[in-house]
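Letter by letter, the chains look like this.
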Amino acid sequence: STKTSIYQTTMTSALTVALAATTLATFASAFTPPSSSSVHHAIAAPAASKTALHQELPFFAAPAFQQSNGSSSSSSQSGGGSQSSPPQSATVTLRLPLGTLFDGRDYIFVTESNVRGYEWTEKETDILLDDLMDAALGTIQGGQDTTTTNTNNNNQQQQQQQITDYELSQIVLVPTSDWDSNLLGLGSRYDVYDGQQRLVTLNLLLASLRDSFQLEATSSEGSSSKKRSVALEATANEISSMLMPRKVRKEDVKRITLRKRDNVLLEKILVNNLDDDDDDDEEDKTTTTAVSLPPTNTWSKLTPKQKSHLLTPLSNANTRIYHNFVHLTKRLSLLTTRERLRLLDYIVERVHLLVCIPETSRIARNIVMSQGRKGMDNEAVDDFKGLVCFRYTLDEDDMYQTFDQWDELAAEPAAAISSSITNDSSSSSLSKPIAVGRDIISSACLLRASAALRTKIRSRGGDEVYEWERWLRQELWLQNQLLAKQHEKSTSTTPLQPWQGKDFFAKKIQPASIVLHKFRTRQFDEFSFLSKDVNKKMTKKERSSVIARLDFLRDVIMGVTSTKEAEIVVLDILLRAEEEAASNGGGSSLDRYLEEFLPLVESWTLWMALTRPSPMQRHARVFSLLDAMDDVDSVGAGIFAEEDEMENLKAAMDEYEFGASAGGKRLAAAILKRMSTHLMLEEKKGIPDGGDVSVDFILPSKFAKGSEWEKQWPEEEQRVEWMNRIGNLALVSSRPRSRTARKTADSSWEQKCVDFKKEPWLLTRQLVELDGWDAAAVQDQQKDILSLTDLVWSFGEGSKQ
């Protein structure tokens, strides 16, 4: 068929290249190799790749792989048709009534590149229909019912004055390049970047109106009112021309087309074959996925069994389309013919949309993300999802399978990892369906792309999707080069499948997202490398020590902004450790990651939190440590190039005003918790279950005049000096306390000791042994905490081991 969609055109070109390649090396050469000798630096994309990344068309319209001369012309010029060029001028915004937008073929919509499906339910559909009915039937002002018969001409004029235009907000369209004027006539096709839900629902509403007039015309054919029957039939045909704008000697086209698997029922509704399904052409039958579709006018009368038979093989979007169409049909059946005509006229003439047509998909994304809208915003990770699933995956079944797996991963996460996930030694444990949420996937992509490209990636404005595509293309090139070399050495004649988007998701995105989710939610026991069954050499103390380090890193990274880059290295270490545990069940490489690099990352993260280096300095340290992990002969401690950095670290901790800010309190809580855990491990005591902690001011920030605190701290200057230091902070569990308990906890040292004695943390319980809390006690506590830093993080000479 010459009626190809955007992604079909792309896939046709890509498949042509894949089939024409005689070896896998030819496929691998479609990607440009890294310009540097190190594969971890950004690749220098050729002109074709740069065009694909920053072209004027949506990224789905561009081929994912370079094409040989003439390979692309066969698909784009099939049938001898000419391609009409989309407008390439600056962004255009028009306010158009729906009748203009749905008239002729000037605005034909596709959503096949839209990674979101049709998501509206009956609730959203009712809201839209209620608004339109209120506006059309004159009840929007003061709830007046203007549909009642009124013979007074003045009252009728007032009714007309009350009906105002209805603004249905903005839709964002990006012009495509696949409109063939020889086959389809004059017109334009647009990719719906924002507004898919409204446009599909409007099509369903118009189709319901069309069916109601058509059925009414059919039922009145035998009556004396033949003129009425003809008028109703003409009205139904008028609506049909809006949904299916036909032209003589040109191929048919629907007003809107969704992705192939989501388009089954919508296509049936728009085509409007009220007779049996026998007259459908062969192409229509292929799009029904072997499902026999009954006429649309019978859908509301289907039995539960028939409904299940119809919807079970179809996607969720088809189910929503079915329910919304049936719901609209039932609601419109309650209106009189006159009311339905008034509603139709209002929709066509008075409903306006603000049509925004940017010249590039990049501008479209920025427009959509900059405005507050109902529903879920389309973010950069959604665009990347489309790239991975559709543009860089060749087989159509693989496209939708990867798409569904991504949706499962992006679903709202459960409170804990599913109990079905076991710590087995197989790599498949990472690929089992776990819901982590869309934000985790986006963060994982940012962290892994930064590590792979060795560059800082900003997460503002949606531009990160271009860096993510660079990461994707680099991984495809590397993996296909490796496969090509293996294929050359192999004696097998069976052709190997190229590494593509589906593999990138399964091997890069999904494992990173799951590991990051476990790290951020403190599910450290779920890591395979900490499993007793997998890593049998690890002792209980070593396992607890690793968990304590991870818990500290998690608390600091999520609590202190200046340490967020450390998560790049942490995620890399965790992925390497999981891979080692899956392949070897432990070994020297795993020991190196956990015993050498993890302590280094922990010390380095504390350095970032206390000294607050610039982003450039933080990224330089991240990339140096990643390079050290890649070099098996390197010594990880070399990351600390300047000796005075570690020497000044304790001085920074000594002077840091932890209690002066929320971030400082979170940092202090993480430090004190880590120190307490270290002491308890050394004394072979049980470690409290991981949870949120906070800090309490031992010397209260406020106290009553004449209290014991004022006697012990008579000088205000001394109180100000020590109030916010870490020596004056006690680690406490974050549990709700009554107002009375909080009040008494701040009133005296004795009452504080009662609370501290109940705490599970060793450093806090040791405070109870003191007779009081004066300036000397705070200074001694400060010195003890600073001395503990050498033991916990091996400062000074220990850092060079």
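Above this note sits the structure.
Residues numbered from 1 in each chain as written. Predicted model: local features only at pLDDT ≥ 70, side-chain atom pairs only at ≥ 80, totals over all residues. Heavy atoms only, no water.

J.: Mind showing me how you'd approach the overall build of the protein here?
T.: Each helix and strand in the protein was counted, giving 34 helices and 8 strands. The proportion of buried residues among the 801 residues of the protein is 52%. (Helix = DSSP H or I, 4+ residues; strand = E, 2+ residues; numbered from the N terminus. Buried < 20%, exposed > 50% of the residue type's maximum accessible area, 1.4 Å probe, protein only.)

J.: Sorry if this is basic, but what is going on with unusual backbone geometry here?
T.: Even without glycine at this site, Arg454 takes up a positive phi of about 55°. Here Arg454 shows up in the loop between helix H19 (438–453) and helix H20 (464–489). Of the residues examined, Arg454 reaches a relative accessible area of 10% and is grouped as buried.

J.: Whenever I open this one, the environment of Val264 confuses me. Can you help?
T.: Mapping Val264 onto the fold places it in helix H11 (residues 264–271). A relative accessible area of 2% places Val264 in the buried class. The spacing of Val264 and Ser315 is 51 residues in sequence and 9.1 Å in space, taken between C-alpha atoms.

J.: Any chance you could explain the environment of Arg621 here in plain terms?
T.: By the secondary structure assignment, Arg621 is in helix H25 (residues 615–630). Residue classification places Arg621 among the buried positions, given a relative accessible area of 13%. For the pair Arg621 and Val601, spaced 20 residues apart in the sequence, the C-alpha separation amounts to 9.9 Å.

J.: Got a minute to help me understand the pattern of salt bridges in this structure?
T.: Opposite charge on two side chains makes pairing possible when the charged atoms of those side chains draw close. Taken as a whole and assessed by the stated rule, the structure comprises 42 salt bridges. Residue Arg95 pairs with Glu167 through a salt bridge whose shortest N-O separation is 2.5 Å. Of this pair, Arg95 sits in strand S1 (residues 92–97) while Glu167 sits in strand S3 (residues 166–175), and the two are 72 residues apart along the sequence. The exposure class of Arg95 is partly exposed, given its relative accessible area of 42%. (Salt bridge = Lys/Arg side-chain N within 4 Å of Asp/Glu carboxyl O.)

J.: Help me understand the pairing of strand S4 (residues 189–194) in this model?
T.: Side-chain positions along a regular strand alternate between the two faces of the sheet. Of all 6 residues in S4, 6 are buried; the element is thus mostly enclosed. Of the strand pairs in this sheet, strand S2 (residues 108–110) and S4 are connected by 3 bridges, and their pairing is parallel. Bridge pairing in S4 places Val110 opposite Asp191. Note that S3 and S4 share 4 bridges and pair antiparallel. Looking at the pairing, Val172 lines up with Asp194 of S4. (Pairing = 2+ DSSP bridges.)

J.: So what exactly am I meant to see when it comes to the packing of helix H9 (residues 196–219) against H11 here?
T.: For any two helices packed against each other, one specifies the inter-axial angle together with the distance between the axes. In contact at an axis separation of 9 Å, H9 and H11 are set at 40° when each is read in the N-to-C sense. Judged by the inter-axis angle, H9 sits oblique to H11. Like other packed secondary-structure pairs, H9 and H11 cross with a definite hand, here left-handed. Between H9 and H11, the contacting residues are Asn203, Leu204, Ala207 and Arg210 on the first element and Leu266, Ile269 and Leu270 on the second. Split by residue class, the contact of H9 with H11 holds 5 nonpolar, 1 polar and 1 charged. (Axes fitted to C-alpha atoms, helices over the stretch in contact; angles between N-to-C directions. Parallel < 35°, antiparallel > 145°, perpendicular 65-115°, else oblique. Left-handed = near helix turned anticlockwise from the far one by under 90°. Contact = heavy atoms within 4.5 Å. Nonpolar A, V, L, I, M, F, W, Y, C, P; charged D, E, K, R; others polar.)

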